[in-house]
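# Examining the three-dimensional arrangement
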Amino acid sequence: TQSRSSAASDVYKRQDKIKVKGDGFKTKKAAAKAFGDKYGLKGVRKKMEVQGAIVYLGKDENGDKNYGYLTPGWGPKGTKVVGTSDLWDAYVANGFKIVAWIHGHYDSNKNFSPTDLNIVWWKDKGANHKSTFLVDNQGKVTILTQKNLKNYWESVPSKKKNKGLRGLQSEYPDGIPGENL
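Attention here is on the structure that accompanies the text. Numbering of residues starts from 1 in each chain and follows the order in which that chain's sequence is written. A pLDDT threshold of at least 70 governs which residues receive local features in this predicted model, and a stricter bar of 80 or more applies before side-chain atom pairs are shown or counted, although totals over entire chains, interfaces and linings include all residues. As a rule here, side-chain values come from all non-hydrogen atoms in the structure, and water together with hydrogens is ignored.

## Digging into the pattern of salt bridges
- Salt-bridge detection follows one rule: a side-chain nitrogen of Lys or Arg within 4 Å of a carboxyl oxygen of Asp or Glu. Enumeration over the complete set of coordinates arrives at five salt bridges.
- Here aspartate 37 makes a salt bridge to lysine 33, at a shortest N to O gap of 2.9 Å. Here aspartate 37 and its partner lysine 33 are both found in helix H1 (residues 28-46), four residues apart, which amounts to about one turn of the helix.
- Between buried and exposed lies partly exposed: a residue is buried under 20% and exposed over 50% of the maximum accessible area for its type, with that area taken using a 1.4 Å probe on protein chains only. Classification of aspartate 37 as exposed rests on a relative accessible area of 52%.
- Classification of lysine 33 as partly exposed rests on a relative accessible area of 39%.
- Between lysine 80 and aspartate 107 there is a salt bridge; the shortest N-O distance is 3.4 Å. Labels follow the DSSP assignment, with helices taken as runs of H or I lasting at least four residues and strands as runs of E lasting at least two, numbered in each case from the N terminus.

Now the structure itself:
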């Protein structure tokens, strides 16, 4: 069985630990790739799922967009389903504008889980509607966007569509692959 645990246990309790760990990226994708390069294989070695935020930091001195990533949170060793709400809340409480989420799988799973779909889901009011990135156990980073998710939504039987996100999740219990960067 998979247990749920918070990725924030080492970060959100000490908000002074939350910092920009990488910046100067012109796109969210570039920031996600750098995060994956820095933390993805570390998570594989430690058998820990890494979680983090891609943030918009404003314009740089040339007037270009500046994206970065924050201090990551780590799930407990061996845990494959990690709660992210505490970590997300800690990032926001520290004044950061989250524009995308990123996490890593230390096992062979290369799909975004049904739980991951919550971040991108576009049909519910109040949902986050963010892109989300995944770094797999080989260090490859993929993205799940609303467009990608809507393509899968089209193949959901109408009986399950009545259940909204839960219908999509039940149609793809093993998750959905992302798009290559």
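## Concerning the pairing of strand S3 (residues 50-59)
- Most of S3 is tucked away, with seven of its ten residues classed as buried.
- Relative to strand S5 (residues 73-74), S3 runs antiparallel, the two being bridged by two bridges. Across the sheet, glutamine 51 pairs through a bridge with glycine 73, a residue of S5.
- Pairing between strands is defined by DSSP: at least two bridges between the two strands are required. In the sheet, S3 pairs with strand S7 (residues 97-104) via six bridges, with the strands oriented antiparallel. Residue pairing in the sheet places tyrosine 56 in a bridge with lysine 97 of S7.
- Relative to strand S4 (residues 65-70), S3 runs antiparallel, the two sharing four bridges. Counted as the bridge partner of lysine 59 is lysine 65 from S4.
- Between S3 and S4, which pair antiparallel in sequence order, lie five residues; one of them, glycine 63, sits at a positive phi of approximately 85°.

## Thoughts on H1
- By definition here, a helix of n residues has an expected span of 1.5 Å times n minus one. Between the first and last C-alpha of H1 there are 26 Å, a value that for 19 residues agrees with the 27 Å anticipated at 1.5 Å per step.
- Bend is computed residue by residue as the angle between axes fitted to the seven residues ending at the residue and the seven residues starting at it. The largest bend along H1 measures about 40° and falls at aspartate 37.
- When we look at burial in H1, the residues that qualify are Ala31, Ala32, Ala34, Phe35, Gly36, Tyr39, Gly40 and Gly43.
- After H1 finishes, the residue lysine 47 shows a positive phi value of roughly 55°.

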